[in-house]
Amino acid sequence: MGILVAVLSGFLVALAAPWLTRWFGDRVGWVIALLPLSITIYLLTFIPDLADGGSVRYSIEWIPALNINLSFHVDGLGLVFALLISGIGTLIMLYGGGYLQGHHQLGRFYLYILMFMASMLGVVLADNIITFFVFFELTSLTSYLLIGFDHNASKSRYSARQALLVTGIGGQFLLVGLILLAIAGGGWEFSVLVDQADVIQDHALYVPIMFLILGGAFTKSAQVPFHFWLPGAMAAPTPVSAYLHSATMVKAGVYLMARINPTIGGTDLWQFVLVTFGAATMLLGAYLAVQRTDLKQLLAYTTVSSLGTLTLLIGIGTDVALKAAMVFLVVHSLYKGALFMVAGTIDHETGTRDIRVLGGLRKLMPITSIGAAVAALSMAGIPPLFGFIGKELVYEAVLDLDTFAIIIAVVAVVSNILMVVVAGITGIQPFIGEEKETPKHAHEAPASLYIGPLVLGTLSLVVGAIPALIDTSIMEPAVSAVAGQPVEVTLYIWHGVNAMLIMSIITVAVGVVVFMGRQQLRSVTNQTNLLAALGPEAIYAHLLAGLDWLSRTQTKIIQNGYLRFYFLTIIVVLVVSAIYPLMAYGNIQLAGDLSDVRIYEWVVVAIVLMSAIMAVRAQSRLAAVAALGIVGYGVATIYILYGAPDLAMTQILVETLTVILFVLVLYRLPQFATLSERGSRIRDAIIAGTGGLLMTLLVLVVSNERFYDSISQFHAEESYPSAFGRNVVNVILVDFRAIDTFGEIIVLAVAGIGVYALLRLRLWEDRSEEK
Amino acid sequence: METLMAILIGGLFASGIYLMLRRSIVKLAIGLVLLSQSANLTIFTVAGLTRGNPPLVPEGESMPLVPYADPLPQALVLTAIVIGFGVLAFTLVLVKRVYQTVGTDDMDEMRSTDGFKD
């Protein structure tokens with residue numbers, strides 16, 4: 001029960017957020033932060049249970065007929081993610097209040113971001129795969145709203161749509177993949193499917209399942225070639241970037257891969273795909289990062305790189321690699337969240353995020369600079385910070401590979417060197433050196449802005465120095481959950497002198513040297529920007545433009561504005577699609593049976609038909625209306641002949657009113673004129689004639705069949721005994737089907753109101769005439 | 001007699017469609033009336049026709065005497081007639097307003113009200 005409350009409370013508080021913002025004003029951040037804080041504390045109570053190898057499940061029925069239940073499962077993996085989400089969420093709620101202080105849409109910000117937090121908790125705690133998918137998509141939606149938060153800027157809208165399209169299309173692949181997975185594994189809960197790994201991996205659908213699920217994971221976690229939406233997402237306010245696009249949402253794809261790893265992972269194909277894409281993303285992200293000069297863009301591309309690292313590690317799949325993945329996940333969230341918040345603080349205080357004009361801020365912003373430095377050192381992997389342990393494990397995992405160990409190791413070292421450079425550029429450079437002129441004169445930020453980086457920095461330092469705090473209690477259950485079997489996790493800061501340490505030393509040493517020459521690096525790497533014209537983002541833009549063109553073109557063709565072409569289309573489609581079944585299955589007695597027709601019936605039908613033709617051919621409006629009246633009265637006569645006096649009465653009344661109405665209105669309309677060409681008249685006549693022929697055939701076929709006689713019989717038999725009416729038709733209308741009649745009255749009333757409104761309506765032309 | 005009615009229905013349907021394909025908006029309205037007559041007769045006919053014998057329960061009986069005309073399509077058609085009239089009334093007033101506002105009854109000249117030009 002507690003889990004359900006923890007997940008869903010976010011949605012409830014989100015709805016109240018606009019009012020909370022109105023009541024508490026600038027202090028609202030401190031109030032709203034209480035929610036994620038209490039969720040964090042609640043989640044911490046699970047640690048002892050999970051450390052003993054247990055897990056907690058909670059389930060209530062949602063749509064049991066479709067095997068969809070609101071079921072949640074807290075295991076090591078879910079808990080690590082949930083703690084990051086609620087813990088960093090607490091700091092972000094505080095930070096957001098300070099960052100957007102006085103913003104007129106602060107309430108909306110909290111509404112979105114709380115909904116996001118709740119969705120994200122749902123993603124990492126859900127056990128049912130459909131429930132998981134619903135939350136997964138909710139994070140895409142809330143991310144869309146948050147990226148487009150500044151909705152007056154077209155850049156924001158473009159980026160928001162781009163993120164939504166990329167992750168949303170990936171989500172569709174994921175849904176299909178999950179459903180196939182459930183079919184292959186015979187279960188709808190992750191905790192059930194994990195025991196069916198053998199069955200699923202031998203299943204004929206294994207390969208499509210894997211690729212479809214990875215389609216969802218790769219788009220969400222910005223793997224090459226879908227990485228381009230993530231830097232675009234930086235159009236969001238910085239608290240959002242810090243939370244969604246570094247620490248949490250983009251990791252939903254990584255979470256998915258980790259969650260599904262014991263079920264579908266471990267095959268050669270899985271390893272090949274994840275290692276290839278992970279390594280490519282890791283390298284490309286880091287390479288693109290060093291070209292940037294905008295703090296947030298730098299951080300965004302390194303996030304892409306880190307997500308690649310995580311994919312690579314899950315792909316390698318050994319115990320060491322999974323251990324590295326979980327540790328690096330925490331490491332990255334701690335330092336990247338902090339650095340994003342610092343970037344936002346710098347932007348907030350100086351008015352710029354361009355690293356070329358930033359410098360010497362340590363004197364002006366001493367507290368922020370401490371948070372930034374600690375985070376940057378962790379990112380660079382300097383002991384005793386947690387980042388060091390993370391990087392050592394990554395190297396160990398890479399060296400463990402059977403094939404291509406050297407290539408991947410080189411990729412890892414190069415990427416990490418570039419990470420050191422970016423750490424220096426984003427966390428150190430703005431604070432050292434000469435003080436520079438910035439658009440705003442900087443001073444120390446308010447507490448709400450520096451608490452976040454400080455807390456995260458302290459955590460990096462503490463768990464880095466004393467990893468025993470979390471290794472067996474939190475990391476071990478998490479790694480075991482990803483591995484699908486118990487894995488022992490003990491973390492040390494000092495391993496002795498080994499290959500990993502040497503690689504680390506090389507990384508940092510080269511990183512520092514490159515950092516010194518960062519301007520040259522930037523100008524050299526900028527030369528390759530021309531290639532972007534061939535990149536996935538350009539393809540995306542072309543596809544979108546093509547879609548626009550297609551939509552415009554087909555609208556011009558289909559919605560051409562000529563009513564009669566719509567009609568033509570409808571009739572032609574109807575005729576063409578009805579002819580075949582009619583010929584194939586219909587029992588048409590084309591000869592027709594006219595022997596039983598009496599002479600007066602011939603007369604009535606002939607009169608009606610002739611009047612209809614007269615209405616068609618009439619040159620004067622009045623003649624057409626008169627012919628219409630004759631048709632109506634003729635039809636009324638037919639009703640009388642075949643035992644429907646009620647219909648006849650209604651028809652006569654309505655026909656009379658119709659003729660009167662026509663005459664009243666026609667009086668104000670112009671004479672008939674022959675508007676169409678002779679050719680189009682002949683075409684229309686052929687089409688109308690074909691339509692009429694089809695109707696005749698249909699009636700001939702259908703009146704040979706009788707359906708559900710019992711309904712009519714019921715009404716006839718029950719009319720008097722049950723409803724005390726002798727006129728069966730009336731009883732049906734006012735008793736058996738009274739609700740339908742009520743609906744009919746409403747239609748008439750609406751039509752009446754419409755008529756009245758149209759008659760009273762005064763358009764601007766009329767008014768201007770009056771003046 | 002269903003055969004005869006089938007011919008009538010086809011004739012009314014064809015006349016209605018032909019008129020609705022005209023450019024004049026008044027002819028459209030007339031075509032609409034013919035089309036609804038055709039539709040009503042279709043419902044009425046496909047349930048099977050019975051001469052005379054409306055579905056009324058005579059005194060002293062508990063149900064109509066066999067053979068009686070099927071009451072169900074009659075109830076449906078009755079509703080259709082009334083609703084058809086409502087629609088027609090609205091259409092006619094709309095036609096009048098359109099003519100007043102646009103100054104033409106040629107539907108080919110009424111294509112750009114939503115700003116969609118090619």
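*Asks:* I'm lost on the overall build of chain B in this one. Help?
*Replies:* When helices and strands are tallied, chain B shows three helices and zero strands. Each helix and strand of chain B, ordered N terminal to C terminal, gives the series α-α-α. Computed over C-alpha atoms, the radius of gyration of chain B comes to 20 Å, more than 25% over the 13 Å expected from 2.2 N^0.38 for 118 residues, which places it beyond the range of a compact globule. With respect to the three principal axes, the spread of C-alpha positions in chain B is 70 × 30 × 20 Å. Here chain B holds 118 residues, and the buried ones make up 58% of them. Partitioning the contacts of chain B with sequence separation of at least 6, the portion at a separation of at least 24 is 52%.

*Asks:* Explanation requested: the overall build of chain A in the structure shown.
*Replies:* Within chain A, the regular secondary structure consists of 35 helices and two strands. A compact globule built from 771 residues would reach a C-alpha radius of gyration of about 28 Å, whereas chain A, at 36 Å, exceeds it by more than 25%. Along the three orthogonal principal directions, the C-alpha set of chain A runs to about 115 × 70 × 55 Å. Taking all 771 residues of chain A together, the buried fraction comes to 48%. By sequence separation, contacts in chain A at least 24 residues apart represent 79% of the contacts at least 6 residues apart.

*Asks:* Please clarify how helix α30 (residues 645-666) of chain A should be interpreted in this entry.
*Replies:* Given 3.6 residues to a turn, an α-helix orients residues that are three or four positions apart in the same direction. Here α30(A) is 22 residues long and its end C-alpha atoms lie 31 Å apart, about the 32 Å a rise of 1.5 Å per residue gives. Residues A:Asp646, A:Leu647, A:Ala648, A:Thr650, A:Gln651, A:Glu655, A:Thr658, A:Phe662, A:Val665 and A:Leu666 constitute the buried set of α30(A). Axial view of α30(A): buried residues confined to an arc of 160 degrees, hence all on one face. Exposed and oriented more than 90 degrees from the buried face of α30(A) are A:Ile660 and A:Leu664. Of the surrounding elements, those touching the buried residues of α30(A) are α29 (621-641) and α33 (728-736) of chain A together with α2 (25-46) and α3 (71-102) of chain B.

*Asks:* What exactly am I supposed to notice about the packing of α33(A) against α3(B) here?
*Replies:* How two helices pack is summed up by the angle between their axes together with the distance between the axes. Remark: α33(A) packs on α3(B), axes separated minimally by 9 Å, with the N-to-C direction vectors making an angle of 55 degrees. With respect to α3(B), the axis of α33(A) lies oblique. For the element pair α33(A) and α3(B), the recorded crossing hand is right-handed. The residues of α3(B) that touch α33(A), namely those facing A:Val728, A:Val729, A:Ile732 and A:Leu733, are B:Pro71, B:Leu72, B:Gln74, B:Ala75 and B:Leu78. Its residues placed into classes, the contact of α33(A) with α3(B) shows eight nonpolar, one polar and no charged.

*Asks:* Is there a simple way to explain the interface of chain A and chain B in this structure?
*Replies:* Many structure descriptions define interface size as the accessible area lost when the parts assemble. Contact residues are listed per partner, giving 89 residues for chain A and 80 residues for chain B. Going through the elements one at a time, α27 (563-585), α28 (599-617), α29, α30, α31 (678-702), α32 (709-723), α33 and α34 (738-760) of chain A are the ones with two or more residues in the side of chain A that touches chain B. Class assignment of the residues belonging to the side of chain A that touches chain B gives a composition of 56 nonpolar, 17 polar and 16 charged.

*Asks:* Which parts of the structure should I look at to understand the pairing of strand β1 (residues 56-63) of chain A?
*Replies:* Residues in a regular strand project their side chains so that they alternate between the two faces of the sheet. Residue and element names in this part refer to chain A. Where β1 and strand β2 (residues 68-74) come together, seven bridges link them in antiparallel fashion. Bridging from a neighbouring strand, isoleucine 60 pairs with leucine 70 of β2. Linking β1 to β2, which pair antiparallel, is a turn of four residues; within it asparagine 67 sits at a positive phi near 60 degrees.

*Asks:* It is not clear to me how the nonpolar core should be interpreted in this structure. Could you clarify?
*Replies:* The nonpolar side chains of soluble globular proteins are, as a tendency, buried together. Residue and element names in this part refer to chain A. Among the nonpolar cores identified, the biggest contains 200 residues, and Ile213, Leu313, Ala325, Met326 and Leu339 are the most heavily contacted of them. Looking at this core element by element, the count peaks at 19 residues for helix α17 (residues 319-350). Leucine 339 has contacts with Leu299, Ala372, Ala375, Ala376, Met379, Thr426 and Gly427, leaving out every residue within four places of it along the chain.

*Asks:* Is there a simple way to explain helix α11 (residues 206-220) of chain A in this structure?
*Replies:* Residue and element names in this part refer to chain A. The end-to-end C-alpha separation of α11 is 21 Å, in line with the 21 Å expected for 15 residues at 1.5 Å each. Within α11, eleven of the 15 residues are buried, which leaves the element mostly enclosed by the surrounding structure. Within the span of α11, buried status applies to Ile209, Met210, Leu212, Ile213, Leu214, Gly215, Gly216, Ala217, Phe218, Thr219 and Lys220. The inward-facing, buried residues of α11 contact α8 (154-185), α14 (251-264) and α15 (268-289). Positive backbone phi, at 55 degrees, marks alanine 222, one or two positions downstream of α11.

Thresholds applied
Residues numbered from 1 in each chain as written. Chains lettered and ligands numbered in written order. Predicted model: local features only at pLDDT ≥ 70, side-chain atom pairs only at ≥ 80, totals over all residues. Helix = DSSP H or I, 4+ residues; strand = E, 2+ residues; numbered from the N terminus. Rg over C-alpha atoms; globule rule 2.2 N^0.38 Å. Buried ≥ 20, exposed ≤ 12 C-beta atoms within 10 Å, placed from the backbone. Contact = placed C-beta atoms within 7 Å. Expected span 1.5 Å × (residues − 1). Arc of directions from axis to C-beta. Axes fitted to C-alpha atoms, helices over the stretch in contact; angles between N-to-C directions. Parallel < 35°, antiparallel > 145°, perpendicular 65-115°, else oblique. Left-handed = near helix turned anticlockwise from the far one by under 90°. Nonpolar A, V, L, I, M, F, W, Y, C, P; charged D, E, K, R; others polar. Pairing = 2+ DSSP bridges. Core = buried A, V, L, I, M, F, W, Y, C linked by C-beta atoms within 7 Å.

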